[in-house]
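Structure at a glance
As a plain string of letters, each chain reads:
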Amino acid sequence: HADALRLTHAQRQALHAQMSAMRARAQAQGERVIAAERALDRLFAERRATPDAVRAATLAVAAAQGELRAIHLVTHLETVATLTPEQVAQYDRLRGYRR
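On a predicted model such as this, the values are computed, not experimentally measured, just so you know. (Residues numbered from 1 in each chain as written. Predicted model: local features only at pLDDT ≥ 70, side-chain atom pairs only at ≥ 80, totals over all residues. Heavy atoms only, no water.)

**Side note on the overall build of the protein chain**
- Scanning the protein chain from terminus to terminus reveals 4 helices and 0 strands.
- Going residue by residue from the N terminus, the α and β elements of the protein chain occur as α-α-α-α.
- In summary, the protein chain has a C-alpha radius of gyration of 19 Å against a globular reference of 13 Å for 99 residues, an excess of more than 25%.
- Along the longest, intermediate and shortest principal axes, the C-alpha atoms of the protein chain span 60 × 30 × 15 Å. (Helix = DSSP H or I, 4+ residues; strand = E, 2+ residues; numbered from the N terminus. Rg over C-alpha atoms; globule rule 2.2 N^0.38 Å.)

**As for the pattern of salt bridges**
- On inspection of all chains with the given rule, the structure shows 4 salt bridges.
- Between glutamate 46 and arginine 48 there is a salt bridge, with the nearest N and O atoms lying 2.7 Å from each other.
- You can call arginine 48 partly exposed: its relative accessible area is 43%. (Salt bridge = Lys/Arg side-chain N within 4 Å of Asp/Glu carboxyl O. Buried < 20%, exposed > 50% of the residue type's maximum accessible area, 1.4 Å probe, protein only.)

**Topic: the side chain of glutamine 18**
- Among the secondary structure elements, glutamine 18 is positioned in helix α2 (residues 9-45).
- What makes glutamine 18 buried here is its relative accessible area of 15%.
- Other than its neighbours up to four places away in sequence, glutamine 18 contacts Thr75, Glu78, Thr79 and Thr82. (Contact = heavy atoms within 4.5 Å.)

**Structural notes on the environment of alanine 89**
- Among the structural elements, alanine 89 can be located in helix α4 (residues 85-95).
- Residue classification places alanine 89 among the partly exposed positions, given a relative accessible area of 22%.
- Placed 84 residues apart in sequence, alanine 89 and leucine 5 show a C-alpha to C-alpha distance of 9.5 Å.

**Concerning the packing of α2 against helix α3 (residues 51-82)**
- Close contact between α2 and α3 brings their axes to 9 Å; oriented N to C, the two are set at 175 degrees. Classified by the angle their axes make, α2 and α3 are roughly antiparallel.
- Per-class residue counts for the contact of α2 with α3 are 18 nonpolar, 10 polar and 5 charged. (Axes fitted to C-alpha atoms, helices over the stretch in contact; angles between N-to-C directions. Parallel < 35°, antiparallel > 145°, perpendicular 65-115°, else oblique. Nonpolar A, V, L, I, M, F, W, Y, C, P; charged D, E, K, R; others polar.)

**Focus: the packing of aromatic side chains**
- Considering all chains together, one arrives at 1 aromatic pair under this definition.
- With centroids separated by 6.5 Å and ring planes inclined at 70 degrees, the aromatic side chains of tyrosine 91 and tyrosine 97 adopt a geometry described as edge-to-face.
- Residue class for tyrosine 97 comes out partly exposed when judged on its relative accessible area of 47%. (Phe/Tyr/Trp six-rings, centres within 6.5 Å; stacked < 30°, edge-to-face > 60°.)

**Notes on the confidence of the model for the protein chain**
- Confidence in the prediction of the protein chain, expressed as mean pLDDT, is 96, and 100% of residues score 70 or more.
- Across the protein chain, the secondary-structure element scoring lowest on mean pLDDT is α4, at 94, and the one scoring highest is α2, at 98. (pLDDT = per-residue confidence, 0-100.)

**Thoughts on α2**
- End to end, α2 covers 53 Å across 37 residues, agreeing with the expected 54 Å (1.5 Å per residue, within 8%).
- Among all positions of α2, only Gln11, Leu15, Gln18, Met22, Ala26, Gln29, Gly30, Val33, Ala36, Leu40 and Leu43 are buried.
- Packed against the buried residues of α2 are α3 and α4.
- Arginine 47, located one to two residues past α2, shows a positive phi value of around 55 degrees. (Expected span 1.5 Å × (residues − 1).)

Structure (structure tokens):
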């Protein structure tokens, strides 16, 4: 929506940097999600699953997934902070958040 929002050159650069940083953080966090899921699976595959171990492992998965979600949402806040109020309103309309 860069053209529809009439982003300035500086805004385009800032948003590009934000998205690049978010992708790097999200990719690294995604690897942690996968590792946590694998650890949970190993509990069962290796017959080490106990109620406490499963609770701890599922909490680790949930925490990793929650951090991944937070990475995306915080980037959204950073993006909105880069836009003017008029651009935010237009973005909301383009995304279907407002009419």
